[in-house]
Amino acid sequence: MGDISCSNANGTNVYSQRKSCWYEEEIEENLRWCFALNSILHTGATQFQDIQLLDTKPFGKALVIDGKLQSAEIDEFIYHESLVHPPLLHHPNPKTIFVMGGGEGSTARELLRHKTVNKVVMCDIDEEVVEFCKSYLAVNSEAFGDPRLELIINDARVELEKRDDKYDVIIGDLADPLEGGPCYQLYTKTFYELTVKPRLMEGGIFVTQAGPAGVFSHTEVFSCIFNTLKQVFKYVVPYSAHIPSYADIWGWVMASDYPITLSPDELDLRMKQRINGENRYLDGKTFVSASTLSKAVRKSGCSKIHLWAWTRFSSQARSSCLTRDEFVHER
């Protein structure tokens, strides 16, 4: 859980006289990540989770859900450009998109920059968090007001299973699959095979955030998500990027039954033709670099382990909720 502590000049913790306030989050046993705060902008609780909006000194406004940093103002674009643009650019003509999670609106914002997109269905379980993000995250206000966005408040698995519609791209912007966690069943072989894959149109692509992907952290969930998807789809592409506010490398995995290979020049051309505005992080060369994993991550895997069969998860693996969807996902 994340903690906020304030100290006076002699280092004593105090909760009045907030002259030196810090946010601290335990990433794993014996390892904590902390940074200074300017102020606490909001604290609250919904039916599903606790919410804090912090004004941080290094990362600007940051959303914290259940004690885990979800998204930060200064670098959320790295996460959301990496989640959204690779699958849409590799698809020949993406028009309809389904987002599992994404309640804070940043994923929808990036999707709606694509000129080909005419419908985005965003399904998040926590209406209060969605409304909170509408109120406090002005950067996404235009996305929430876009007529192409259909907002559904429901469990994403239930919503996908009851719909007959098919989509060009399905995006998983959910919390990590921790044991007993709210998103565990949305990362299983059964879910990918029986729910996600049948809802993809011909040529369709699925992408999911896949948790920490660093040299030491990738074994928490990243490798297993990759290997689980390899059992369901013919073509699977893992990739990663450093996100400063997460204090780690973060991972995503794309999957399809159709080849998903484009050169850097082809990606750049599609970006120029299809996307309104210019990306701050992702271009063709960046994606090629992101999809070239380090030797340690490539060699280490769990190909014989399916997520649905795990008996142990890292209790400290970070939630992607909300940012990762920026701030709130399937809770």
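Owing to the predicted nature of the structure, the values given are computational and were not obtained by experimental measurement.

Q: Looking at this model, I keep getting lost on the overall build of the protein. Mind explaining?
A: Of regular secondary structure, the protein possesses ten helices and 14 strands. Expressed as a percentage of the 331 residues in the protein, the buried residues total 58%. Residue pairs at least 24 apart in sequence account for 68% of intrachain contacts in the protein once pairs closer than 6 positions are excluded. Surface accessibility of the protein: about 14,100 Å² in total, with carbon and sulfur atoms responsible for 49%.

Q: Whenever I open this one, helix H6 (residues 189–196) confuses me. Can you help?
A: Since the α-helix turns once every 3.6 residues, residues separated by three or four places project in the same direction. Every buried residue of H6 is listed here: Lys189, Phe191, Tyr192, Thr195 and Val196. Packing partners of the buried residues in H6 comprise strand E8 (96–101), helix H5 (156–162), strand E11 (167–173), strand E12 (200–212) and helix H7 (222–230).

Q: I tried to follow the packing of aromatic side chains on my own but got confused; where do I start?
A: Scanning the model with the defined rule gives 13 aromatic pairs in all. Centroid distance tyrosine 239 to tryptophan 252: 5.6 Å. Interplanar angle 20°. Geometry classified as stacked. Separated by 13 residues along the polypeptide, tyrosine 239 in strand E13 (residues 235–243) and tryptophan 252 in strand E14 (residues 248–256) bring together distant segments of the chain. Residues tyrosine 239 and tryptophan 252 agree in their burial class; the two are buried. Three or more aromatic residues link up through ring pairs in this structure, and these residues are Tyr79, Tyr239, Tyr246, Trp250, Trp252 and Phe287. Note that lysine 197 overlies the ring of phenylalanine 233, its terminal NZ or CZ placed 5.4 Å from the centroid. Directly above the ring of phenylalanine 77 sits arginine 280, whose terminal nitrogen or CZ lies 3.8 Å from the centroid.

Q: Teacher, can you tell me more about the nonpolar core here?
A: Note that soluble globular proteins tend to have their nonpolar side chains buried in a common cluster. If you look at the biggest cluster of nonpolar residues, it comprises 39 residues, and the most contacted ones within it are Ile97, Leu111, Val120, Ile171, Trp252 and Met254. It is helix H1 (residues 76–90) that provides the largest number of residues to this core, a total of seven residues. Filtering out sequence-adjacent residues up to four positions away, methionine 254 remains in contact with Pro86, Pro87, His90, Ile205, Phe206, Val207, Tyr235, Val236, Val237, Tyr239, Ile260 and Phe287.

Q: Honestly, the pattern of salt bridges in this entry has me stumped. Any pointers?
A: In a structure, side chains of opposite charge can pair up when their charged atoms sit close to one another. Per the counting criterion, the structure on display carries 15 salt bridges. A salt bridge links arginine 163 to glutamate 150, with the nearest nitrogen and oxygen atoms 3.2 Å apart. Of this pair, arginine 163 sits in the loop between H5 and E11 while glutamate 150 sits in strand E10 (residues 149–153), and the two are 13 residues apart along the sequence. Since its relative accessible area comes to 10%, arginine 163 is described here as buried. If you follow the salt bridges from partner to partner, you end up with Lys119, Glu150, Glu159, Lys162, Arg163 and Asp165 in one network.

Q: Just to check I follow, could you spell out the sheet that holds strand E9 (residues 119–124) for this structure?
A: Within a beta sheet, neighbouring strands are joined by backbone hydrogen bonds and run either parallel or antiparallel to one another. Read from one edge to the other, the open sheet built from seven strands follows the order E10-E9-E8-E11-E12-E14-E13, with strand pairing classed as mixed. Across the chains shown, the open sheet's two edge strands, defined by having one partner strand only, are E10 and E13. If you compare each strand with its neighbour and ignore which way they point, the axes differ by 15° on average. Examined bridge by bridge, E13 and E14 share nine bridges and lie antiparallel to one another. Bridge assignment links valine 236 to a residue of E14, and that residue is alanine 255. With respect to the sheet, H1 is in contact with E8, E11, E12, E13 and E14, its orientation differing from that of E13 by roughly 155°. Strand contacts of H6: E8, E11 and E12, with the helix running at about 155° to E12, the strand carrying the most contacts.

Q: Before we go on, may I ask you to explain the pairing of strand E6 (residues 60–65) in this structure?
A: Put simply, side chains in a regular strand alternate between the two faces of the sheet. The element E6 is largely enclosed, with a buried count of five among its six residues. Across six bridges, strand E5 (residues 50–56) lies against E6 in antiparallel orientation. When the sheet's bridge partners are listed, aspartate 55 is paired in E6 with lysine 61. Where E5 folds back on E6, the antiparallel hairpin that results is connected by three residues. Two strands pair when backbone bridges link them, and E6 and strand E7 (residues 68–72) are joined in this way by four bridges, in the antiparallel orientation. Within the sheet, the bridge partner assigned to alanine 62 lies in E7 and is alanine 72. If you look at the hairpin formed by E6 and E7, you'll find two residues sitting between the two strands, and aspartate 66 has a positive phi there, around 50°.

Q: Quick question: what am I supposed to make of the pairing of E5 here?
A: As paired strands, strand E4 (residues 31–45) and E5 are joined by seven bridges and run antiparallel to one another. Bridging across to E5, serine 39 finds its partner in aspartate 55. Here E4 hands over to E5 after four residues, the two strands then running antiparallel side by side.

Q: Sorry, what's going on with unusual backbone geometry here?
A: With the exception of glycine, the majority of residues adopt a negative phi angle, and the majority of peptide bonds are in the trans configuration. Here asparagine 30, not a glycine, exhibits a phi torsion of approximately 75°, which is positive. Non-glycine residue aspartate 66 carries a positive phi angle of around 50°. Relative to the helices and strands, aspartate 66 resides in the loop between E6 and E7.

Q: Help me understand the environment of glutamate 110, please; the structure alone is not making it clear to me.
A: Looking at the element boundaries, glutamate 110 is found in helix H2 (residues 106–111). Classification of glutamate 110 as buried rests on a relative accessible area of 5%. Counting along the chain gives 166 residues from glutamate 110 to asparagine 276, while the straight-line C-alpha distance between them is 9.6 Å. With residues up to four places along the chain from it excluded, the contact list for glutamate 110 reads His80, Glu81, Val84 and His85.

About the criteria used
Residues numbered from 1 in each chain as written. Predicted model: local features only at pLDDT ≥ 70, side-chain atom pairs only at ≥ 80, totals over all residues. Heavy atoms only, no water. Helix = DSSP H or I, 4+ residues; strand = E, 2+ residues; numbered from the N terminus. Buried < 20%, exposed > 50% of the residue type's maximum accessible area, 1.4 Å probe, protein only. Contact = heavy atoms within 4.5 Å. Areas by Shrake-Rupley, 256 points an atom, 1.4 Å probe, with all protein chains shown as cover. Phe/Tyr/Trp six-rings, centres within 6.5 Å; stacked < 30°, edge-to-face > 60°. Lys NZ or Arg CZ within 6 Å of the ring centre and 35° of its normal. Core = buried A, V, L, I, M, F, W, Y, C linked by side-chain atoms within 4.5 Å. Salt bridge = Lys/Arg side-chain N within 4 Å of Asp/Glu carboxyl O. Pairing = 2+ DSSP bridges. Axes fitted to C-alpha atoms, helices over the stretch in contact; angles between N-to-C directions.

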